[in-house]
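Now for the letters of each chain:
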Protein chains: 2
Amino acid sequence: MTVVAPGGTVGILGGGQLGRMLAMAAARLGLRTHVFAPPGDNPAFDVAHAHTCASYDDLERLAAFAEAVDVITYEFENIPAEAVARLEALRPLKPSRKALETTQDRWTEKDFVAGLGLPVVPFANVESAADAAVAAGITGMPAVLKTRRFGYDGKGQVMVRSGAGVLSAWETLGEVPCILEGFVDFACEMSVIAARNADGDFAAFDVPLNVHENHILRTSTLPSGLREETQRQAVEMTHRIADALEYEGVLAVEFFVVREEEGERLLINEIAPRVHNSGHWTEAACTVSQFEQHIRAVCGWPLGDPLRFADCEMSNILGEEVAHWRELAAEPGTVLHLYGKRQARPGRKMGHFTRLSPRR
Amino acid sequence: MTVVAPGGTVGILGGGQLGRMLAMAAARLGLRTHVFAPPGDNPAFDVAHAHTCASYDDLERLAAFAEAVDVITYEFENIPAEAVARLEALRPLKPSRKALETTQDRWTEKDFVAGLGLPVVPFANVESAADAAVAAGITGMPAVLKTRRFGYDGKGQVMVRSGAGVLSAWETLGEVPCILEGFVDFACEMSVIAARNADGDFAAFDVPLNVHENHILRTSTLPSGLREETQRQAVEMTHRIADALEYEGVLAVEFFVVREEEGERLLINEIAPRVHNSGHWTEAACTVSQFEQHIRAVCGWPLGDPLRFADCEMSNILGEEVAHWRELAAEPGTVLHLYGKRQARPGRKMGHFTRLSPRR
């Protein structure tokens, strides 16, 4: 088993806010960090011991990066396959290639989840006009056509309202491999942020209720108000997914909650093999944050206690909303976290804040 | 008034663990940092956007550093006067030169505190054999002879048990300017960690009980178990000191508590114009840490709410104790913080941990 002791170096692929928060968590554990990211606004560079600014295609720079670190992790799942192969030949990559390959393709992910007998929406592969012609029969209507890869925050998605609409939606998305997913009239969304380490230890944080606006997370609220049994089921499903992937690190599983006469029913929406926006509140309301928990898991440390000591609501700060930093900083009981990004483009995640209140 | 908004740069003098924690707190507020420190093991460099590795005598490098930042602060008070003059000519220095000059000399500091009518031990200046001959008459015996400048963690101190011993102690300390302080048989030690900003707002954290071993802080415990009235008095004295210095930033005031028949009596031992080891627990048990509070104050932000939401005990990890990192990491309810220092020399502060428990 890989153990990276204090003084060791964690390599992080990706220079955004998640990489930044991972780097700070690693530093608090006495670890050094080396961040690899392509040119751009890379706020993680500001808090890392070292950084490499290069493309994920630059296998030479990737190799030099790998050789400079003790373990490699990442803040996002869309890492090219050649880069993954190159890196894992040189250093432990955690979470593993299996976790990456399973989750970076929406169809592969759904197929994997369904294969575990866990509940997902009806889905169909759309890689050709012929696929498009039959997909609606599998999913029913309405449905959402999504690119199998590289989608995030609602990008690469088209709503489809009729069987005939699937083909034109597929053309709109550039005829790349897609997945058609049956539309669910869900009551709300929730997620499980959990960690598993090489020993098979598993620890889940409490389950937040997540509200999205324009496909971007707006708030995560604890407690979620969902039934105990629903939360327990969600954690158990996440545990099964983590075990099946022999997972090392923090993962996030997003769920739809459907309200029915008999109660609440869960559908697994998406798996992220990384720390997740809906877990940012852990830095303010738990002894160990999701970022520290991830670093512990990928470095072979004992997992931390995920106990939540306060109720809370985490809100994202999007685009120009960051101009209100001073009012937010003045709020008692509010933990403010800004990412140091230079440009406040519309909808861009500039920071977040967590309002705390005593546990009910 | 200086306001450094998100995106601005905070200059930090000193590359040790305090500078490191200040840099991380600044990063969480979307600020960049530039750390200036002489060659050596500088763990703050690992988490700073930029660093300058040069001597405090290098006025040219100091000027370039100042020009690269929006405000300058520091992790330690022993900054040479020429450096201070050079820096404050170019950028706001916070806390101010007045705070530095008052606190970097033990005699000046005691004279200042006594001048405010606040309680200190009897003290006498010892700069010559003639001073040494009369000092014991002022302080009584036993007493402690300390160098007026550059002492920390018990360095530069000699216990004196007779009037005749003052001269030889002074010779032992190299005949540099010294202060003789009457020895106090105190019951315990406590400190106030508080912040004041340019608007004159003042916010004190709860008061820890501090236990030292070999002159090095071992633990800080909250609540302190001291009388409410004693704690209130300590905070009020700190407030008076902060106002008298027109202070901007976090300061720490260390107190001796003497138990008498009538109750508890306070004596001010030392003022540190900076974040302080006895305030490290704030990162684990408060919404806003002392580090963030300091950054807020020196950047002209609103002060944070110093509310403590958990009881706790912070312990330093000294020297080879850092080898127990894995056991500490496995403790539920414990926040571990390691500084990333390379060599675990005896007594060296390598990290700290805070054990949390629900508020009584």
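Heads up: these notes are all about the structure in this document. Model, not experiment: these values are computed from the prediction.

### Looking at the overall build of chain A
Regarding its fold elements, chain A presents 11 helices and 17 strands. Here the C-alpha atoms of chain A give a radius of gyration of 20 Å, agreeing with the 21 Å that 2.2 N^0.38 yields for 360 residues. Each principal axis of the C-alpha atoms in chain A carries an extent, and together these give about 55 × 50 × 45 Å. By the burial criterion, 60% of the 360 residues in chain A qualify as buried. A separation of at least 24 residues holds for 62% of the contacts in chain A among residues at least 6 apart in sequence. Once the 35 positive and 48 negative side-chain charges of chain A are each reduced to a mean point, those two points are 4 Å apart.

### Some details on the interface of chain B and chain A
At the junction of the two partners, chain B supplies 37 residues and chain A supplies 38 residues. Of all residues in chain B, Arg28, Asp46 and Trp325 of chain B bury the most surface against chain A, accounting for 17% of the area lost on that side. Where chain B touches chain A, the interface holds 2 salt bridges. Among the salt bridges present, the one from Asp46 of chain B reaches Arg32 of chain A, with a minimum N-O distance of 3.7 Å.

### Some remarks on the pattern of salt bridges
Residue and element names in this part refer to chain A. Going through the model one piece at a time under the given rule, you end up with 52 salt bridges over all chains. A salt bridge links Arg20 to Asp46, with the shortest nitrogen-to-oxygen separation between them at 3.9 Å. Within this pair, whereas Arg20 is found in helix H1 (residues 17-28), its partner Asp46 is found in the loop between strand E2 (32-37) and strand E3 (50-53), the two being separated by 26 residues in sequence. Each member of the pair Arg20 and Asp46 is classed as buried. Three or more residues are tied together by salt bridges with common partners; here these are Asp206, Arg308, Asp311 and Arg360.

### Some words on the pairing of strand E11 (residues 209-213) of chain A
All names here are of chain A. Inspection of the sheet shows strand E9 (residues 188-196) paired to E11 by 2 bridges, in the antiparallel sense. By the bridge assignment, Glu189 is partnered in E11 with Asn210. Relative to strand E12 (residues 216-222), E11 is paired through 5 bridges, and the arrangement is antiparallel. Counted as the bridge partner of Val211 is Thr219 from E12. Adjacent in sequence and paired antiparallel, E11 and E12 are bridged by 2 residues, among which Asn214 carries a positive phi angle near 50 degrees.

### Quick look at the sheet that holds strand E4 (residues 71-74) of chain B
Residues and elements named next belong to chain B. Pairing is parallel in the open sheet, where 4 strands are placed in the order E3-E2-E1-E4. The two strands at the open ends of the sheet, each matched to only one other strand, are strand E3 (50-53) and E4. Shown here is a sheet whose adjacent strand axes are inclined to one another by a mean of 20 degrees, direction ignored. Two strands pair when backbone bridges link them, and strand E1 (residues 9-13) and E4 are joined in this way by 4 bridges, in the parallel orientation. Directly across from Gly11, in E4, lies its bridge partner Ile72.

### A short note on the packing of helix H2 (residues 59-67) of chain A against helix H3 (residues 81-90) of chain A
Residue and element names in this part refer to chain A. Interhelical geometry of H2 versus H3 gives an angle of 30 degrees and a closest axis separation of 9 Å. Looking at the two axes, H2 sits roughly parallel to H3. Crossing hand, H2 versus H3: right-handed. Residues Leu59, Leu62, Ala63, Phe65, Ala66 and Glu67 of H2 touch H3, and the partners they reach there are Glu82, Ala83, Arg86, Leu87 and Leu90. In terms of residue class, the contact of H2 with H3 is made up of 8 nonpolar, no polar and 3 charged.

### Things to note about the environment of Asp105 of chain A
All names here are of chain A. When you line up the elements, Asp105 lands in the loop between helix H4 (97-103) and helix H5 (106-115). Residue Asp105 is classed as buried on the basis of its relative accessible area, which comes to 10%. Each C-alpha atom of the pair Asp105 and Ser289 lies 28 Å from the other, and the pair is 184 residues apart in sequence. If we ignore the near neighbours within four places in the chain, the residues touching Asp105 are Arg148 and Arg149. At 2.8 Å, the side chain of Asp105 forms a polar contact with the backbone nitrogen of Trp107.

### Things to note about the relation of the copies chain B and chain A
Least-squares fitting of chain B to chain A yields an RMSD of 0.0 Å, with the transformation described by 0.0 Å of translation along the axis and a rotation of 180 degrees. Taken together, the rotation and translation relating the two chain copies correspond to the operation of a two-fold axis. Taking C-alpha positions as the reference, the residue of chain B nearest the rotation axis is Val47 of chain B, at 2.1 Å. The residues that chain B uses at the interface reappear at the interface of chain A in 100% of cases, marking a shared surface.

### Quick notes on the side chain of Asn269 of chain B
Its place among the elements puts Asn269 of chain B in strand E14 (residues 263-272). Apart from residues no more than four positions distant in its own chain, Asn269 of chain B is found in contact with Glu109, Lys110, Lys146, Glu189, Glu254, Phe255 and Phe256 of chain B.

### Examining the packing of aromatic side chains
Counted by the stated rule, this structure contains 13 aromatic pairs over all chains. Each ring, one from Phe186 of chain B and one from Phe256 of chain B, has its centre 4.4 Å from the other, and the planes form 10 degrees; the classification is stacked. Pair noted here: Phe186 of chain B is in the loop between strand E8 (178-182) and strand E9 (188-196) and Phe256 of chain B is in strand E13 (residues 249-260), with a separation of 70 residues, a long-range link. Judged by relative accessible area, which is 11%, Phe256 of chain B ranks as buried. One aromatic cluster is present, built from ring pairs that chain together Phe36, Tyr56, Phe65 and Phe76 of chain A.

### Quick look at the packing of helix H1 (residues 17-28) of chain B against helix H10 (residues 290-298) of chain B
The axes of two packed helices give the description: the angle between them and the distance between them. All names here are of chain B. At a minimum axis separation of 8 Å, H1 and H10 run at an interaxial angle of 70 degrees. Considering the angle they form, H1 stands roughly perpendicular to H10. The handedness of the crossing between H1 and H10 is right-handed. Between H1 and H10, the residues in contact are Leu18, Met21, Leu22, Ala25 and Ala26 and Phe291, Glu292, His294 and Ile295, respectively. Grouping the amino acids of the contact of H1 with H10 by side-chain chemistry returns 7 nonpolar, 1 polar and 1 charged.

Rules and cut-offs
- Residues numbered from 1 in each chain as written.
- Chains lettered and ligands numbered in written order.
- Predicted model: local features only at pLDDT ≥ 70, side-chain atom pairs only at ≥ 80, totals over all residues.
- Heavy atoms only, no water.
- Helix = DSSP H or I, 4+ residues; strand = E, 2+ residues; numbered from the N terminus.
- Rg over C-alpha atoms; globule rule 2.2 N^0.38 Å.
- Buried < 20%, exposed > 50% of the residue type's maximum accessible area, 1.4 Å probe, protein only.
- Contact = heavy atoms within 4.5 Å.
- Lys, Arg positive; Asp, Glu negative; His and termini not counted.
- Charge placed at Lys NZ, Arg CZ, Asp CG, Glu CD.
- Buried area = accessible area lost by both parts, 1.4 Å probe.
- Salt bridge = Lys/Arg side-chain N within 4 Å of Asp/Glu carboxyl O.
- Pairing = 2+ DSSP bridges.
- Axes fitted to C-alpha atoms, helices over the stretch in contact; angles between N-to-C directions.
- Parallel < 35°, antiparallel > 145°, perpendicular 65-115°, else oblique.
- Left-handed = near helix turned anticlockwise from the far one by under 90°.
- Nonpolar A, V, L, I, M, F, W, Y, C, P; charged D, E, K, R; others polar.
- Polar contact = N/O pair within 3.5 Å; in protein donor to acceptor, adjacent residues only side chain to side chain.
- Least-squares fit on C-alpha atoms with pLDDT ≥ 70 in both.
- Phe/Tyr/Trp six-rings, centres within 6.5 Å; stacked < 30°, edge-to-face > 60°.

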